[in-house]
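Below, each chain spelled out in residue letters.
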Amino acid sequence: YPITAPDDISSCVAATDGVPDVANAVRGTACCPPSSQTTPVPYVLPPVDQLRVRPPADRLTPEYIEKYQEAMKAMKALPDDDPRSWKHQGKIHCAYCNGAYSQEMNGHPELKISVHNNSLFFPFHRWYMIADTTANPDAFFGTNPNPEGTSIFAGKVESGIHTAMHIWVGNPRMPNNEDMGNFYSAGYEPAFYLHHSNVDRIDCLDINKMGYTYEPSRLPWLQSRP
Ligand code: C2O
């Protein structure tokens, strides 16, 4: 620890860790990216001339909802192996959360790469939500940091409200609590992206550099103990 990204993207294997019923995994555990991918292009922060405001879901206008539905339709219409397709976006979570890659570069091929229960949780999911953006350094990386600022434990946001929401939205009648109740399938659920944007809203100190912000909304639960 800290872990590095996989050096060879084709070293990916089926993502079966944490999937109790692999044979009936309705989303499939083959989450590897297509092997024809070219060299990744490093992200550069966008020029921000105007902040885009993300409203809370209960205050979306009909026009906004229509746009969202169109975007979903367009993503779903792309071939599965197009990196922008809905299927491919869903696979990303599966690949980095259910053991598709090992920490070979770190000299630990026996250890799997996982972006949960450690300080990779916030930066990984932030990048993922923005789809093509970079982590913001002004963020909390979870509690219990070690002297390097990393952590091998889940912070309270992750282990508490974050995980509770996954389990609550997942369907216990499905073999692996699909979709939200298992890492391998969570990325296929549209609510996953709302949920993680909200996690980011709670955690991230300065997102404005990336060109968007969240509309202020009430936090009634702050006053009530669970
Ligand atoms: Cu990678 Cu909400 O989990």
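Chemist: So what exactly am I meant to see when it comes to the overall build of the protein here?
Modeler: Helices and strands together make up the secondary structure of the protein, namely six helices and four strands. Across the protein, helices and strands are ordered from the amino to the carboxyl terminus as β-α-α-β-β-α-α-α-α-β. Here the protein holds 226 residues, and 35% of them are scored as buried. Considering only contacts within the protein whose residues lie at least 6 apart along the sequence, 65% involve residues at least 24 apart.

Chemist: Would you mind showing me how to read the side chain of asparagine 118 here?
Modeler: Counting through the fold element by element, asparagine 118 comes out in the loop between β3 (108–112) and α3 (121–130). Taking the relative accessible area as the measure of exposure, asparagine 118 reaches 9% and is therefore buried. One polar contact links the side chain of asparagine 118 to the main-chain carbonyl oxygen of serine 114, over a distance of 3.0 Å. A distance of 2.8 Å separates the side chain of asparagine 118 from the backbone nitrogen of leucine 120, its partner in a polar contact.

Chemist: Help me understand the packing of helix α2 (residues 86–97) against helix α6 (residues 190–203) in this model?
Modeler: Packed helix pairs are characterised by how far apart their axes lie and by the angle those axes make with each other. Two elements in contact, α2 and α6, have axes whose closest approach is 11 Å; the angle formed by their N-to-C orientations is 55°. By the angle between their directions, the pair α2 and α6 is classed as oblique. In terms of crossing hand, the pair formed by α2 and α6 is left-handed. Across the interface between the two elements, Trp86, Gln89, Gly90 and His93 from α2 touch Pro190, Phe192 and Tyr193 from α6. Tallied by class, the residues present in the contact of α2 with α6 amount to four nonpolar, three polar and no charged.

Chemist: Looking at this model, I keep getting lost on the packing of aromatic side chains. Mind explaining?
Modeler: In this description, an aromatic ring pair is defined by two values, namely the gap between the centres and the angle between the planes. All told, the structure shown has nine aromatic pairs when counted by the stated rule. Each ring, one from tyrosine 96 and one from phenylalanine 124, has its centre 5.7 Å from the other, and the planes form 45°; the classification is tilted. Of this pair, tyrosine 96 sits in helix α2 while phenylalanine 124 sits in helix α3, and the two are 28 residues apart along the sequence. Between the aromatic rings of tyrosine 128 and phenylalanine 192, the centroid separation amounts to 5.6 Å while the plane-to-plane angle is 55°, which identifies the pairing as tilted. Placement of the pair is tyrosine 128 in helix α3 and phenylalanine 192 in helix α6, with a sequence separation of 64 residues. Considered together, tyrosine 128 and phenylalanine 192 belong to a single accessibility category, that of buried residues. Here the aromatic cluster, defined as three or more aromatic residues joined through ring pairs, consists of Trp86, Tyr96, Tyr101, Phe124, Tyr128, Phe192 and Tyr193. Over the ring of tyrosine 212 we find arginine 54; its NZ or CZ atom is 3.8 Å from the centre of that ring.

Chemist: I keep staring at the nonpolar core and nothing clicks. Help me out?
Modeler: Note that soluble globular proteins tend to have their nonpolar side chains buried in a common cluster. Within the largest apolar cluster, 12 residues are counted, these being Ile3, Cys12, Ala15, Val19, Ala25, Cys31, Cys94, Ala95, Ala100, Tyr101, Ile113 and Tyr184. Excluding its chain neighbours within four sequence positions, the residues that come into contact with isoleucine 113 are Ile3, Thr4, Ala5, Pro6, Tyr96, Gly99, Tyr101, Ser102 and Gln103. Counting residues in hydrophobic clusters, the runner-up holds 11 residues, among them Met72, Tyr128, Met129 and Ala186.

Chemist: Explain α6 here, please?
Modeler: Each turn of an α-helix holds 3.6 residues, which means side chains three or four residues apart point in the same direction. In a regular helix each residue adds 1.5 Å, so 14 residues correspond to 20 Å; α6 covers 21 Å between its end C-alpha atoms and thus fits that length. Buried within α6 we find Phe192, Tyr193, His195, His196, Ser197, Val199, Asp200 and Asp203. A distance of 2.8 Å separates the backbone nitrogen of alanine 191 from a side-chain oxygen at the start of α6, and that oxygen is part of glutamate 189.

Chemist: Would you mind going over a nonpolar patch on the surface with me for this structure?
Modeler: On the surface, Met165, Trp168 and Val169 cluster together into a nonpolar patch covering about 330 Å² of accessible area. Along the polypeptide, tryptophan 168 turns up in helix α4 (residues 156–169).

Chemist: Whenever I open this one, unusual backbone geometry confuses me. Can you help?
Modeler: With the exception of glycine, most residues fall at negative phi, and the peptide bonds are largely trans. For the peptide bond that leads from glutamate 178 to aspartate 179, omega is -15°, which places it in the cis range. Examined against the element boundaries, aspartate 179 turns out to sit in the loop between α4 and α5 (183–186). Of note, the phi angle at asparagine 117 is positive, near 60°, even though the residue is not glycine. Turning to its location among the elements, asparagine 117 is positioned in the loop between β3 and α3. A residue is classified by how much of its surface remains accessible, and asparagine 117, at 44% relative accessible area, is partly exposed. For asparagine 177, which is not glycine, the phi torsion reads 55° and is therefore positive. Positionally, asparagine 177 belongs in the loop between α4 and α5.

About the cut-offs
- Per chain, residue numbering runs from 1 following the sequence as it is written.
- This being a predicted model, a pLDDT of at least 70 is required before a residue's local features are given, and a value of 80 or more before pairs of side-chain atoms are given or counted; all residues contribute to the totals for chains, interfaces and linings.
- For side-chain calculations, the full set of non-hydrogen atoms in the structure is used, while hydrogens and water are omitted.
- Numbering of helices and strands runs from the N terminus, with a helix taken as a DSSP run of H or I at least four residues long and a strand as a DSSP run of E at least two residues long.
- Relative accessible area decides the class of each residue, using a 1.4 Å probe on protein chains only: under 20% of the type maximum gives buried, over 50% gives exposed, and in between gives partly exposed.
- In this analysis, two residues are considered to be in contact whenever any of their non-hydrogen atoms come within 4.5 Å of each other.
- Counting of polar contacts relies on pairs of N or O atoms within 3.5 Å, with two restrictions inside protein: one atom must be capable of donating a hydrogen and the other of accepting it, and residues adjacent in sequence are counted only when both atoms are side-chain atoms.
- To get an axis, fit a line to the C-alpha atoms, keeping to the stretch in contact for a helix; angles then go from 0 to 180 degrees between the N-to-C directions.
- Working definition: roughly parallel below 35 degrees, roughly antiparallel above 145 degrees, roughly perpendicular at 65 to 115 degrees, and oblique for all remaining angles.
- Crossing chirality is assigned from the near helix's rotation relative to the far helix, an anticlockwise turn below a right angle marking it left-handed and a clockwise turn marking it right-handed.
- Any residue outside Ala, Val, Leu, Ile, Met, Phe, Trp, Tyr, Cys, Pro, Asp, Glu, Lys and Arg is labelled polar, Gly included; the first ten of those are nonpolar and the last four are charged.
- Centres within 6.5 Å are what make two rings of Phe, Tyr or Trp a pair, Trp counting through its six-membered ring; a difference in plane orientation under 30 degrees is then read as stacked, over 60 as edge-to-face, and the rest as tilted.
- A ring is considered to have a charge above it if a Lys NZ or an Arg CZ atom is located within 6 Å of its centre and within 35 degrees of its normal.
- Joining through side-chain atoms within 4.5 Å is the link that ties buried Ala, Val, Leu, Ile, Met, Phe, Trp, Tyr and Cys residues into a set, and such a set is a nonpolar core.
- Expected span of a helix, by definition, is 1.5 Å for each gap between consecutive residues, and there is one gap fewer than residues.
- Each patch is built from residues lacking any salt bridge and having more than 30% relative accessible area; the joining distance is 9 Å for like charges and 5 Å for nonpolar side chains (Val, Leu, Ile, Met, Phe, Trp, Tyr).
- Note that accessible areas follow from Shrake-Rupley with a 1.4 Å probe, and for residues the cover is restricted to the protein chains shown.
- Salt bridges are defined by distance alone: a side-chain nitrogen of Lys or Arg within 4 Å of a carboxyl oxygen of Asp or Glu.

Structural measurements only, silent on function.
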